[in-house]
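# A closer look at the structure
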Amino acid sequence: MNDTWAGLLQLALLLAALAVVYRPLGDYMARAFTSKGHWKLERALYKVVRVNPDSEQRWSTYAYGVLGFSFVSVLFLYLLQRLQTVLPLGLGRPEISPSVAFNTAVSFVTNTNWQSYVPEQAFGHLVQMAGLTVQNFVSGAVGIAVAVALIRGFTRANTDRLGNVWVDITRAVVRVLLPIAVLFAVVLMGLGVVQSLSGGVDVTGIDGAQHTVALAPVASQEVIKELGTNGGGVLNANSAHPFENPNGWTNLIEIFLILVIPVSLTRTFGTMIGDRKQGYTLLSVMTFLWGGMLAVIWWAEAHPNGPAALLAGSAMEGKETRFGIPSSALFADSTTGTSTGAVNAAHDSLTGLGGGGALLNMLFSEISPGGVGTGIYSILVFAIIAVFLAGLMVGRTPEYLGKKLGRKEITMASIAILAMPTLVLVFAGIAVVLPATGDALTNSGAHGLSEVLYAYASASNNNGSAFGGLTVTNDWFQSTLGVCMAFGRFIPILAVLCLAGGLAAQRKVPPSAGTLPTSGPLFASMVAGSVLLVAALTFVPALALGPIAEALS
Amino acid sequence: MTTNTDTRNRSVEEVQQHHAENAGRKLQAGAFNPRQLLSSLPEALRKLNPRHQMRNPVMFVVWVGSALSTVFAVSQPTVFTIVATVWLWFTVLFANLAEAVAEGRGKAQAESLRRTKKESIARRLREDGTEERVPGTELTIGDLVVVEAGEVIPGDGDVVEGIATVDESAITGESAPVIRESGGDRCAVTGGTTVLSDRIVVQITTKPGESFVDRMIALVEGASRQKTPNEIALTILLAVLTIIFLLAVVALQPMAIYSGNGQSVIVLTALLVCLIPTTIGALLSAIGIAGMDRLVQRNVLAMSGRAVEAAGDVDTLLLDKTGTITFGNRRATELIPVGTSTVDDLARAARLSSLADGTPEGRSIVELCVTAHGLAAEASDAEKAGEFVPFAAQTRMSGIDIDGRMVRKGATSSVRAWVIEHGGQVPDEVHEVVDGISQDGGTPLVCAEYANGIALVRGVIRLSDVVKPGMKERFDELRSMGIKTVMITGDNPLTARAIAAEAGVDDFLAEAKPEDKMALIRKEQEGGKLVAMTGDGTNDAPALAQADVGVAMNTGTSAAKEAGNMVDLDSDPTKLIEIVEIGKQLLITRGALTTFSIANDLAKYFAILPAMFAAIYPGLGRLNIMHLATPASAIISAVIFNALIIVLLIPLALRGVRYRPASASSLLRRNLLIYGVGGVITPFLGIWLIDLLVRLIPGIG
């Protein structure tokens, strides 16, 4: 079986597996966020944090909850890193500098998981297990909670209540993320992913030199790293490392875990609003973009155009031979389309076009299919813009899912959309003319520009994957990338929650033959068009000087 | 509720003609004359004032860009910088031109209205009953003024004493005089109109400067035009797109410098102006003004742009049965003979009894006898000699006495009494027929004759409501647009159901009292629906105010006009349907041009990006798929296209895009195809063609 057929077979298996779990998981999540009853474990948690789980909150209280929780999380994670030398399970690893600790704390709390450190040299097991892994769960849960709040904005009418943020976060962790994570951690261990509390083993290599092979509780983190679309690896080589991703099967399972929740949330959305076609329509847009970028990356990698690659016969630089081109393309497409950022290949070594595809996938605002929660709420914002732009053409004030789109809705949707391009363009624009950037870049010309763009796109979209080639340890990059991660996460969240509050307060307009139909291929193409317009057209001039120039040279 | 006799008595032919005119209907174009572009030029130049430009974020950015380019062009004058700068200014100018042309059309109308507002002297009544002469502008609410034949009514008000014929042509354009009388629903008079006969006392109901004519002038001039909610939301979105592209272009410069080829201010400005949605930004206010204008052309005055927009959103139309769905008066539709009489006997008797009957019902009986039974329409000389017995409240009959024959028609009980009084008998069959007609929703008129000493009932005339031709089709159209029609009538439910079924409305409200109407509106609104209705009586006022779109008839009372948010000067209740279509057309025009404007960007990228960067990365030259001659010609062609498309679309913005009632999905598919796909393709062709000319300019090609 040649490479391409093996890739197609994997693709078919992946799509089949997603199709099988789509309905049950989507409906299960819908129930999880609409049922009145509480689990015993949840009640115990509510008691500890003194929350009345049956009270509901306004959008502003909900937003304070999200911000407050995230702020406390940053603080906790920062301290945990800084105190690693005095706390147990530190494995004798060194003290963490304030800037690295801060950057890492923001990175993991915002679900970005950008890593400006080498994990197996920097952190002991306590930081990994009690700090980073915990954030892998709760930052994902925050995203799901915001998405659920927005969906409630559509389903509810004449109310100022959006639900209870503590209940939503708790349920996202307890009912959704934990059970799946436990199950697949065992599966991954069975397939050879390492799970150890030892710091590493000393070996003598074939060259006779002494090495320490790092060990860690990998499987338990690996699974939530993908499932929560986090992406921060326990080991520096991330999913390219054989202890994280030993073979084709684990690779396929990891891609599946990356996609499963964002994809199934479209079903949750359809079920909660009582019109499943609406969910399928959004899923079709996500699939179209994901599939399109997969085709671009796969084709580009299979048709190398650099002199080195042409000499070697294929573009295998930076790729694992046990995965090959199709699996690397599939992984790269899925990780950039979901704000995950885990990698099984070096994205810096992708071809001009392939790297551009990965970059553009992030610049779609992470909706193909996007991060856990963030994907569905971002694409809903695009749907709102699409309804407004083209919806006027049916001769009515635009309505989406029974809610009128007026000044407030458009303002909030605009803010949510505007945040990311602003961050990327402003900071990348400044960065490329800074003298220090030249020293930080290993490449010049078009590829160097791509590296800078990629870094800011990754941070602002809370993706966390890196193009490499750019040393981001200087103060400018550490601080601006931190700003991008925080603003790129919380500005859209605040706008989305405000939007949800406004929508919930509206009455519901019943649909009629005069209402713009928001399910079906026509509307799907409108949403895709809006994404391409806002995300792609904005970045075309910049991309022209980076990946496009590289690809056409 | 009163009925408006002017329109409701229109004959079938008139209505059929009206509908024939509307057949294959699309909203007609308002006249657009290219000469208007020239005559509006001075006004367009005046609008170059930056303070005016600031109201429109998109065009303000273009203005600033043009100013920057001018500075640059002055410091480094080349053919390229000068031509580019000139065309950037043209972009701003063309946007101003669009607005000026739209406003200019209203100005002419305002001018003719102003002429009606000439200074009038009012004869104000003092409390002791004597008169004093004061200027019309000094009248305040509650003043009583006397107006006699030949005088101009000095202000808006209600007639409190007297009856008069009034010439309202100054406002409505309708030359036939109308009757205004105290009490009832025809008491409202408008300042600026002229009393033709008699004397009336008018109580003033508006403050000086706020009269109907003042408001009309302000409206058609666009002086009081405020942005509508939807327009505001669109402006926000356009501003956001402008910001995004501004960022993209500003961030491009450092990246270009990094790549080794910084760009000039002019090139960056050109790119920015081409990318931001200038087409819709330039035409947005013209579209709004023209939308109001289209209503004015149909003699409808909207008190706010918000109401016009709401008209496009209407989900439920409340339509009065009488005058809107059916002709104002019941018409004879069938003759049913009883006893030994034949249908011809009955027809002859019925015709005779109605020959001299001038009421609409009477005329309709003669019409039926003529068309269905071949009798003569005109009375013969012998018949003219007969003595007409007019309808009286006491007798409740009318008829004719001729050559010793007496023919009567009227209410069952009266005719029955008359027959018995003259020694005749009324068979049971009559009652059966009468009850049958009543149950079907018709009105029975019994026709009897006394001749040669014998009195007998000839038969029964059925009067029924006749649904205006073409209504069913219109309601079908409305249904396809997702609009529900509800017929409002004072009839009993049985009658109402029959007419509702015949007219094809979705629902009806029978035995409707004003409070029922109000409750219905509330119920619909609670369900999230927008409701439109027409009304003219004072008791309609609360419902008119509650409805999202309330169209008051100009013949109605001041209270009704005050409560509604639109006034129909023709007092034609059917026009509500057209108003809805105009509202939709306004929104569609905005959406279509927005889509078109944004879809244009793709081609502009293909023109400008290779022009900017092929020098550094020759590979990017492959993006020049239009094969534009040089970088300079490519950029200038894109800028020229961007400016010219504004002028080319002015007629469309003023006229509104073609609209036919259809479902949302088919409208969307059609408009996306024309303005979305068309918007992608057009600039490729346009820029390519312009480049063929531009490349001939020395120093550019």
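- As annotated in an unreviewed UniProt entry, chain B carries the name Potassium-transporting ATPase ATP-binding subunit and is attributed to Kutzneria albida DSM 43870.
- Recorded under Catalytic activity (unreviewed entry), the UniProt text for chain B is reproduced unchanged: "K(+)(out) + ATP + H2O = K(+)(in) + ADP + phosphate + H(+)".
- Recorded in UniProt for chain B, the comment headed Function (unreviewed entry) runs: "Part of the high-affinity ATP-driven potassium transport (or Kdp) system, which catalyzes the hydrolysis of ATP coupled with the electrogenic transport of potassium into the cytoplasm. This subunit is responsible for energy coupling to the transport system and for the release of the potassium ions to the cytoplasm."

- Per an unreviewed UniProt entry, chain A goes by Potassium-transporting ATPase potassium-binding subunit and derives from Kutzneria albida DSM 43870.
- Quoted verbatim from the Sequence similarities (unreviewed entry) field of the UniProt record, the comment on chain A reads "Belongs to the KdpA family."
- If you open the UniProt record of chain A and go to Function (unreviewed entry), you find "Part of the high-affinity ATP-driven potassium transport (or Kdp) system, which catalyzes the hydrolysis of ATP coupled with the electrogenic transport of potassium into the cytoplasm. This subunit binds the extracellular potassium ions and delivers the ions to the membrane domain of KdpB through an intramembrane tunnel."

## Things to note about the overall build of chain A
- Helix and strand counts for chain A stand at 19 helices and four strands.
- Relative to the 2.2 N^0.38 estimate, which gives 24 Å for 553 residues, the radius of gyration of chain A is 22 Å and therefore close to what a compact globule would have.
- Oriented by its inertia axes, the alpha-carbon framework of chain A measures out at about 75 × 55 × 50 Å.
- Every one of the 553 residues in chain A was classed for burial, and the buried ones make up 63%.
- Residue pairs at least 24 apart in sequence account for 78% of intrachain contacts in chain A once pairs closer than 6 positions are excluded.
- Accessible area of chain A: about 18600 Å², with a carbon and sulfur share of 68%.
- The distance from the centre of the 29 positive side-chain charges to the centre of the 28 negative ones in chain A is 20 Å.

## Examining the layout of surface pockets
- Taken as a whole, the largest pocket holds about 1200 Å³ of empty space.
- Broken down by element, the lining of the largest pocket gets its largest block of residues, 15 residues, from helix 19 (residues 521–552) of chain A.

## Some details on the interface of chain B and chain A
- Contact with chain B, which involves 59 residues of that partner, is made by 57 residues of chain A.
- Of the roughly 5000 Å² buried at the junction of chain B and chain A (both faces included), carbon and sulfur atoms supply 75%.
- Considering only the surface of chain B that becomes buried against chain A, B:Met255, B:Tyr258 and B:Leu668 emerge as the three largest contributors, covering 14% of it.
- For the interface between chain B and chain A, the tally reads 13 residue pairs in polar contact (both at pLDDT 80 or more).
- At 19 residues, helix 10 (residues 229–259) of chain B tops the list of elements feeding residues into the side of chain B that touches chain A.
- For the side of chain B that touches chain A, the class distribution of residues is 35 nonpolar, 15 polar and nine charged.

## Brief notes about the pattern of salt bridges
Residues and elements named next belong to chain B.
- Within the structure shown, the criterion is met by 48 salt bridges over all chains.
- Ionic pairing is found between Glu99 and Lys47, a salt bridge with its closest N-O pair at 2.7 Å. With Glu99 in helix 7 (residues 79–116) and Lys47 in the loop between helix 4 (41–46) and helix 5 (50–53), this pair connects stretches of sequence that are 52 residues apart. Each member of the pair, Glu99 together with Lys47, is buried.
- A salt bridge links Glu449 to Arg405; the shortest N-O distance between them is 2.6 Å. Remark: Arg405 occurs in strand 15 (residues 405–410) and Glu449 occurs in strand 16 (residues 443–451); sequence separation between them is 44 residues.
- Arg405 sits in the partly exposed class, given a relative accessible area of 30%.
- Salt bridges linked by common partners bring Asp345, Arg348, Arg405, Glu449 and Arg458 together as one network.

## Some thoughts on the pairing of strand 4 (residues 157–161) of chain B
Residue and element names in this part refer to chain B.
- In this sheet, strand 7 (residues 188–189) lies alongside strand 4 in antiparallel orientation, the contact comprising two bridges. In the sheet register, Gly157 faces strand 7, and the bridge partner there is Val189.
- Taken together, the four bridges between strand 4 and strand 9 (residues 199–204) define a ladder with antiparallel strand orientation. Looking across to strand 9, one finds that Asp158 is bridged to Gln203.

## Observations concerning the sheet that holds strand 9 of chain B
Residues and elements named next belong to chain B.
- On the basis of which strands lie adjacent, the open sheet formed by six strands has the order 2-1-3-9-4-7 and antiparallel pairing. At either margin of the open sheet sits one strand with a lone partner, and together these are strand 2 (131–135) and strand 7.
- As paired strands, strand 3 (residues 144–148) and strand 9 are joined by five bridges and run antiparallel to one another. Bridge pairing in strand 9 places Val147 opposite Ile200.

## Re the packing of aromatic side chains
Residues and elements named next belong to chain A.
- Inspection of every chain in the model, using the stated rule, returns 15 aromatic pairs over all chains.
- Between Phe154 and Tyr400 the ring centres are 5.5 Å apart and the planes differ by 85°, which places this aromatic pair in the edge-to-face class. Residue Phe154 is found in helix 6 (residues 125–155), and its partner Tyr400 is found in strand 3 (residues 399–400); the two are separated by 246 residues along the sequence. Each member of the pair, Phe154 as well as Tyr400, is classed as buried.
- Ring centres of Phe184 and Phe256 lie 6.0 Å apart, and the angle between their planes is 45°; on these two criteria the pair is classed as tilted. Within this pair, whereas Phe184 is found in helix 7 (residues 165–190), its partner Phe256 is found in helix 9 (residues 248–273), the two being separated by 72 residues in sequence. Here Phe184 and Phe256 have matching classes, each one buried.
- Through a chain of ring-to-ring contacts, the aromatic side chains of Phe427, Tyr456, Trp476 and Phe477 assemble into a single cluster.

## Quick word on the side chain of A:Arg396
- Following the sequence through the fold, A:Arg396 ends up in the loop between helix 14 (374–391) and strand 3.
- With a relative accessible area of 2%, A:Arg396 lands in the buried category.
- Within the structure, the side chain of A:Arg396 is placed 3.4 Å from the backbone oxygen of B:Asp313, a separation counted as a polar contact.
- At a separation of 2.9 Å, a polar atom in the side chain of A:Arg396 contacts the side chain of B:Asp315.

## Some thoughts on the sheet that holds strand 12 (residues 331–337) of chain B
All names here are of chain B.
- One open sheet accounts for six strands, arranged 12-17-16-15-14-13; its pairing is antiparallel. Each edge of the open sheet carries a strand with a single partner, namely strand 12 and strand 13 (387–389). Between one strand axis and the next, the sheet turns through 20° on average, direction left out of account.
- Across five bridges, strand 15 lies against strand 16 in antiparallel orientation. Residue pairing across strands places Lys409 opposite Cys447, the latter belonging to strand 16.
- Packed on one face of the sheet, helix 15 (residues 343–354) meets strand 12, strand 13, strand 14 (397–402), strand 15, strand 16 and strand 17 (454–464) and runs near 135° to strand 12.

## Description of the pairing of strand 2 (residues 210–214) of chain A
- Where strand 1 (residues 200–204) of chain A lies against strand 2 of chain A, five bridges are found, and the strand directions are antiparallel. Bridge assignment links A:Thr204 to a residue of strand 2 of chain A, and that residue is A:Gln210.

## Some words on helix 15 of chain B
All names here are of chain B.
- The end-to-end C-alpha distance of helix 15 is 16 Å, a good match for the 16 Å that 12 residues give at a rise of 1.5 Å each.
- Across the 12 residues of helix 15, nine count as buried, placing the element largely inside the fold.
- Considered for burial, the residues of helix 15 that qualify are Asp345, Leu346, Ala347, Ala349, Ala350, Arg351, Leu352, Ser353 and Ser354.

## Some remarks on the UniProt feature "binding site: Mg(2+)" (unreviewed entry) in chain B
- Within this numbering scheme, the UniProt entry marks B:Asp536 and B:Asp540 as carrying the feature "binding site: Mg(2+)" (unreviewed entry).
- Following the sequence through the fold, B:Asp540 ends up in the loop between strand 20 (531–535) and helix 23 (541–546).

## Some remarks on the packing of helix 3 (residues 59–82) of chain A against helix 6 of chain A
Residues and elements named next belong to chain A.
- Relative to each other, helix 3 and helix 6 sit at 170°, their axes nearing to 11 Å. Considering their axes alone, helix 3 and helix 6 lie roughly antiparallel with respect to each other. Packed against helix 3, whose contacting residues are Tyr62, Val66, Phe69, Ser73, Phe76, Leu77, Leu80 and Gln81, the element helix 6 presents Leu126, Val127, Ala130, Gly131, Leu132, Gln135, Val138, Val142, Ala145, Val146 and Ala149 at the interface.
- The class makeup of the residues in the contact of helix 3 with helix 6 is 15 nonpolar, four polar and no charged.

## Considerations on the nonpolar core
- The biggest cluster of nonpolar side chains holds 323 residues, and the ones touching the most others in it are A:Ile261, A:Tyr400, A:Tyr456, B:Leu317 and B:Met566.
- Counting residues domain by domain, this core receives three or more from each of domain 1 (34–105 + 220–293 + 603–695) and domain 3 (305–325 + 468–569) of chain B.
- For A:Ile261, the residues in contact, after removing those within four places along its chain, are A:Met29, A:Ile144, A:Val176, A:Leu177, A:Leu227 and A:Val372.

What counts as what
Residues numbered from 1 in each chain as written. Chains lettered and ligands numbered in written order. Predicted model: local features only at pLDDT ≥ 70, side-chain atom pairs only at ≥ 80, totals over all residues. Heavy atoms only, no water. UniProt positions renumbered as here; feature names shortened; annotations may be inferred. Helix = DSSP H or I, 4+ residues; strand = E, 2+ residues; numbered from the N terminus. Rg over C-alpha atoms; globule rule 2.2 N^0.38 Å. Buried < 20%, exposed > 50% of the residue type's maximum accessible area, 1.4 Å probe, protein only. Contact = heavy atoms within 4.5 Å. Areas by Shrake-Rupley, 256 points an atom, 1.4 Å probe, with all protein chains shown as cover. Lys, Arg positive; Asp, Glu negative; His and termini not counted. Charge placed at Lys NZ, Arg CZ, Asp CG, Glu CD. 1 Å grid on protein atoms, 1.4 Å probe; cavity = no way out; pocket = protein on both sides within 12 Å on 5 of 7 lines; lining within 4 Å. Points joined across faces, edges and corners; volume = space filled by probe spheres on them. Buried area = accessible area lost by both parts, 1.4 Å probe. Polar contact = N/O pair within 3.5 Å; in protein donor to acceptor, adjacent residues only side chain to side chain. Nonpolar A, V, L, I, M, F, W, Y, C, P; charged D, E, K, R; others polar. Salt bridge = Lys/Arg side-chain N within 4 Å of Asp/Glu carboxyl O. Pairing = 2+ DSSP bridges. Phe/Tyr/Trp six-rings, centres within 6.5 Å; stacked < 30°, edge-to-face > 60°. Axes fitted to C-alpha atoms, helices over the stretch in contact; angles between N-to-C directions. Expected span 1.5 Å × (residues − 1). Parallel < 35°, antiparallel > 145°, perpendicular 65-115°, else oblique. Core = buried A, V, L, I, M, F, W, Y, C linked by side-chain atoms within 4.5 Å. Domains from an automatic or database assignment.

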